[in-house]
Amino acid sequence: MADPYQNNIYHQGGGHSYRTYGEGGGHDGYGYQADYPPQEEDAASDVTEGHDEEDQMYEGEYQGIPHPDEVKAAQRAARGSAASELEELSEQYEDIMEDCGHGKFQWTLFIVLGLALMADGVECFVVAFVLPSAEKDLCLSNAEKGMLGLVVFLSMMVGAFLWGGLADKVGRRRCLMVALAINCVFAFLSSFAQGYGFFLFFRLLSGIGIGGTVPIVYSYFSEFLQMDKRGEHLSWLCMFWMIGGIYASFTAWGIIPRYGWGFSMGTEFQFHSWRVFVLVAALPAIASLVGLTFMPESPRFLLENAKHDEAWMILKQVHDTNWRAKGQPEKVFTVSTSPKTAEDEFIEIQSATGTPVQRWAVRSLTLCKLVLRNVASLLSAELRFATLFMAIIWFCMAFSYYGLSVWFPDMIKHLQYEEYESKVKVFHGERLANFHFNFSLENQIHREGKYIRDTFVSIEMKSVKFEDSLFEDCHFKDIKSTDTVFENCTIRSTIFYNTDLWEEKFIDCRMENVTFEHNKHGCHLDTMEENDVLIYLVSFLGSLAVLPGNIISALFMEKIGRVKIIGGSMLISAGCTFFLFLSFSQSAIITLQCLFCGVSVAAWNGIEVVTVELYPASKRATAFGVLNALCKLAAVLGSSIFASFVGVTKAIPILLSFAALVCGGLVALKLPDTRQKILQ
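It should be emphasised that the depicted structure is a prediction, and the values quoted were computed from it without experimental measurement. (Residues numbered from 1 in each chain as written. Predicted model: local features only at pLDDT ≥ 70, side-chain atom pairs only at ≥ 80, totals over all residues. Heavy atoms only, no water.)

Our next topic: the environment of Gly-567. When you line up the elements, Gly-567 lands in helix H18 (residues 562-577). On the basis of relative accessible area, Gly-567 is assigned to the buried category, the value being 1%. Sequence-distant contacts of Gly-567, that is, excluding residues within four places in its chain, are made with Gly-665, Ala-668 and Leu-669. (Helix = DSSP H or I, 4+ residues; strand = E, 2+ residues; numbered from the N terminus. Buried < 20%, exposed > 50% of the residue type's maximum accessible area, 1.4 Å probe, protein only. Contact = heavy atoms within 4.5 Å.)

So, in structure tokens, the structure goes:
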């Protein structure tokens, strides 16, 4: 029986056929015809009113300069002569993308996918920005704060592996839409979560959703780009991750310190300003999700999965969108298709039997097997070394980058703490009787004091410590405290009314006839955080410093080459780490952070472009997902190890980052040059 897809022809307007791709060869091909002469994508149309095509003459003809179309035809002929049967689809697809041009369609997709990448960048900052406020609102311990920071990268690691694998079997667009929808829903729910458990669970699911964006976005966009545009425009796409960091810093700076931007319903439901920021942070994902509803699936994915009608209709849409905007004629596609694969047949045979639940179970099981088989194929003979080299490069770069990204702000906080601690006031053996404290206490230590019949009314205690002191017949009323403790004190006949001084604040204290009335339950936000502005400013400057590196890498990605950019950037970044030995002030650390981020972003751009180009279409998103999951694992290890040495020593973090960057940079120089490689 004849293949139902054979010889489908899509006509729009008349015209003659000037060339056909895929003719001859004696085997199944992907035929394609154009109904207008070949042109440069930015050239004016030759079919203009009042002119005959044959009367027009190329400007350089008398000078013996070949027409650009002749050059392009010669390049295609050279590629075609060297192509094997297995490479025929790739060659034809590249030729078609060249004729479709780079125009309105790609720029629209660029914005939509850029917003998804921006959402990924925002996700990396959300928990870090809300933690100072959320830890008081949700009463978080140090262990719980650490778990919140950890769950962001672990969930994104799972999401990258899951969605990357599914995108090669289910579709780029569909998986990206589902992943973004999951992120939006659970980010929204997390902003209303009143308990730590629910907040952690919702952020976990939100991270699993957003984790799929990076592997899918680059695979998806690359399959709409022709070879000579690929490196540059994938690099421009990387800029949206930086924009996500700037957006998160700017909105956090503008929203979180505004404690009045919220509401409460009794004492059980509180909605403070940091929760507003969590909602605002989800806007890029929502915008991208809406935009994707108007975008088509990757035609390359459809061709790989025997959906030829849909693929050629989408290619026609890409062509018409681009050339119609330039006033150019339209194209006629003629296709002949290959038979379906065994995997497709297996799914269809199984789906034709059994109950709906059984069919769903069979499809799910089959899909899991196909995904795992695809993952295992990354270690096949032809891909083994590419996967090993890329794994080393991804791991080394992420270990250093994310480790130092945590180390920089932690070092700034450590310097601030040291400066604050150096100004502490110590009171030793003070004796106060019948004294009325009506002023706030801050950064003080009181040792071996005696307080008899004293009153502490309507004051704030910030970083106050009472050691080996006696409180007798005292009265504490309307007290708000931060980092305040009573250690080894004796407290007799004392009343605590409407305070937030609970049992945890009294360490090894002896209580005699002590009364607690109307104590404030739970934790409460401070009305002022002096370091808020600096925290957001550091992140903002770090994100903004990426801009020059992004621009330079995008402009020179095709001229210098991916390999040299990756290797050179990683080795230069390694050299920058030694300047960290000179970081004795906050301003020096901020400057070095900006320098490191600005240089290392070029390496990131090159890594992501090479990852797309090294793997065939059937494994591209899977490979990207596995490597991106490895990246998140390295981020967890790097941030944990580097943070543990803050305030202890600089040498170990600096030497670790230097060694990782040098190792990754040297391995990168062994990669093949993929500038002239057609996507397989």
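Moving on, we get to the pattern of salt bridges. One pass over the full model with this rule turns up 16 salt bridges. Across the salt bridge formed by Glu-419 and Lys-423, the nearest N and O atoms sit 3.8 Å from each other. For Glu-419, a relative accessible area of 42% puts it in the partly exposed group. A salt bridge links Glu-472 to Arg-492, with the shortest nitrogen-to-oxygen separation between them at 3.8 Å. Here Glu-472 is found in strand S14 (residues 470-472), whereas its partner Arg-492 is found in strand S18 (residues 490-492), with 20 residues between them in sequence. Judged by its relative accessible area of 31%, Arg-492 is partly exposed. (Salt bridge = Lys/Arg side-chain N within 4 Å of Asp/Glu carboxyl O.)

Okay, H18 next. Across its 16 residues, H18 extends 23 Å between first and last C-alpha, which sits within 8% of the 22 Å expected from 1.5 Å per residue. The set of residues buried in H18 consists of Arg-562, Val-563, Ile-565, Ile-566, Gly-567, Ser-569, Met-570, Ser-573, Ala-574, Cys-576 and Thr-577. Elements in contact with the buried residues of H18: helix H8 (227-255), helix H15 (384-422), helix H17 (546-560), helix H19 (586-614) and helix H21 (651-668). (Expected span 1.5 Å × (residues − 1).)

Moving on: the packing of helix H2 (residues 88-100) against helix H12 (residues 308-325). Between H2 and H12, whose axes approach to 9 Å, the crossing angle comes to 30°. Between H2 and H12, the crossing angle belongs to the class labelled roughly parallel. Contact residues: Tyr-93, Ile-96, Met-97, Asp-99 and Cys-100 in H2; Trp-312, Leu-315, Val-318, His-319, Asn-322 and Trp-323 in H12. Class assignment of the residues belonging to the contact of H2 with H12 gives a composition of 8 nonpolar, 2 polar and 1 charged. (Axes fitted to C-alpha atoms, helices over the stretch in contact; angles between N-to-C directions. Parallel < 35°, antiparallel > 145°, perpendicular 65-115°, else oblique. Nonpolar A, V, L, I, M, F, W, Y, C, P; charged D, E, K, R; others polar.)

Moving on, we come to a nonpolar patch on the surface. Side chains of Phe-578, Phe-579, Phe-581, Leu-582, Phe-584 and Leu-655 sit close together on the surface and give an oily, nonpolar patch of about 630 Å² of accessible area. Along the chain, the position of Phe-579 falls in the loop between H18 and H19. Residue classification places Phe-579 among the partly exposed positions, given a relative accessible area of 45%. (Patch = residues over 30% accessible without salt bridge, like charges linked within 9 Å, V, L, I, M, F, W, Y side chains within 5 Å. Areas by Shrake-Rupley, 256 points an atom, 1.4 Å probe, with all protein chains shown as cover.)

Turning our attention to the packing of aromatic side chains. Applying the stated criterion across every chain yields a total of 45 aromatic pairs. Aromatic pair Phe-456 and Phe-476: ring centres 4.4 Å apart, planes at 0°, arrangement stacked. Of this pair, Phe-456 sits in strand S12 (residues 455-457) while Phe-476 is found in strand S15 (residues 475-477), placing the two residues 20 residues apart along the sequence. The pair formed by Phe-456 and Phe-476 is uniform in burial state, with each residue classed as buried. Aromatic side chains Phe-578 and Phe-658 sit 4.6 Å apart centroid to centroid with 70° between the ring planes, which places their arrangement in the edge-to-face category. Of this pair, Phe-578 sits in the loop between H18 and H19 while Phe-658 sits in helix H21, placing them 80 residues apart in sequence. Under the relative-accessibility criterion, Phe-578 is labelled partly exposed at 36%. Here a set of aromatic residues connected by ring pairs shows up, and it is made of Phe-435, Phe-437, Phe-439, Tyr-451, Phe-456, Phe-466, Phe-471, Phe-476, Phe-486, Phe-496, Phe-506 and Phe-516. Directly above the ring of Phe-556 sits Lys-559, whose terminal nitrogen or CZ lies 5.7 Å from the centroid. (Phe/Tyr/Trp six-rings, centres within 6.5 Å; stacked < 30°, edge-to-face > 60°. Lys NZ or Arg CZ within 6 Å of the ring centre and 35° of its normal.)

The subject of this paragraph is the sheet that holds strand S19 (residues 495-497). Within a sheet, neighbouring strands are paired by backbone hydrogen bonds and run either parallel or antiparallel to one another. The 5 strands lie next to each other as S9-S12-S15-S19-S22, forming an open sheet whose pairing is parallel. The open sheet terminates on both sides in strands that have one partner only, identified here as strand S9 (436-437) and strand S22 (515-517). Of the pairings in the sheet, the one linking S9 to S12 comprises 2 bridges and is parallel in character. Note on S12: the bridge partner recorded for His-436 is Thr-455. (Pairing = 2+ DSSP bridges.)

Take the side chain of Ser-553 next. Secondary-structure assignment places Ser-553 in helix H17. On the accessibility criterion, Ser-553 (2% relative accessible area) is buried. A distance of 2.8 Å separates the side chain of Ser-553 from the side chain of Asn-605, its partner in a polar contact. Not counting residues up to four positions away in its chain, the partners in contact with Ser-553 are Ser-235, Ile-565, Ala-602 and Asn-605. (Polar contact = N/O pair within 3.5 Å; in protein donor to acceptor, adjacent residues only side chain to side chain.)

With that settled, the discussion passes to unusual backbone geometry. Phi at Asn-443 is positive, roughly 55°, even though this residue is not glycine. Relative to the helices and strands, Asn-443 is located in strand S10 (residues 441-447). A relative accessible area of 10% places Asn-443 in the buried class. At Asn-498, a residue that is not glycine, the phi angle is positive and equals roughly 55°. By the element assignment, Asn-498 lies in the loop between S19 and strand S20 (506-507). Since its relative accessible area comes to 24%, Asn-498 is described here as partly exposed.

On to the confidence of the model for the protein chain. Within the protein chain, residue pLDDT values average 79, and 79% of them lie at 70 or more. Ranking the elements of the protein chain by mean pLDDT puts strand S1 (residues 8-10) last with 36 and helix H10 (residues 283-292) first with 94. Here residues 78-83 is a poorly scored stretch, pLDDT under 50, and it has 8 contacts once near neighbours within four places are set aside; other chains count. Note on residues 334-351: pLDDT under 50 across the span, and 43 contacts to partners over four residues away in sequence or across chains. (pLDDT = per-residue confidence, 0-100.)

Turning to the sheet that holds strand S21 (residues 510-512), a few remarks are in order. One open sheet holds the 5 strands; their spatial order is S8-S11-S14-S18-S21, and the pairing between them is parallel. Either end of the sheet is taken by a strand with one partner, and the two such strands are strand S8 (431-433) and S21. Adjacent strand axes in the sheet meet at a mean angle of 5°, parallel and antiparallel pairs treated alike. Two elements, S8 and strand S11 (residues 450-452), share 3 bridges in a ladder whose sense is parallel. Its bridge partner being in S11, Arg-431 is matched across the sheet by Lys-450.

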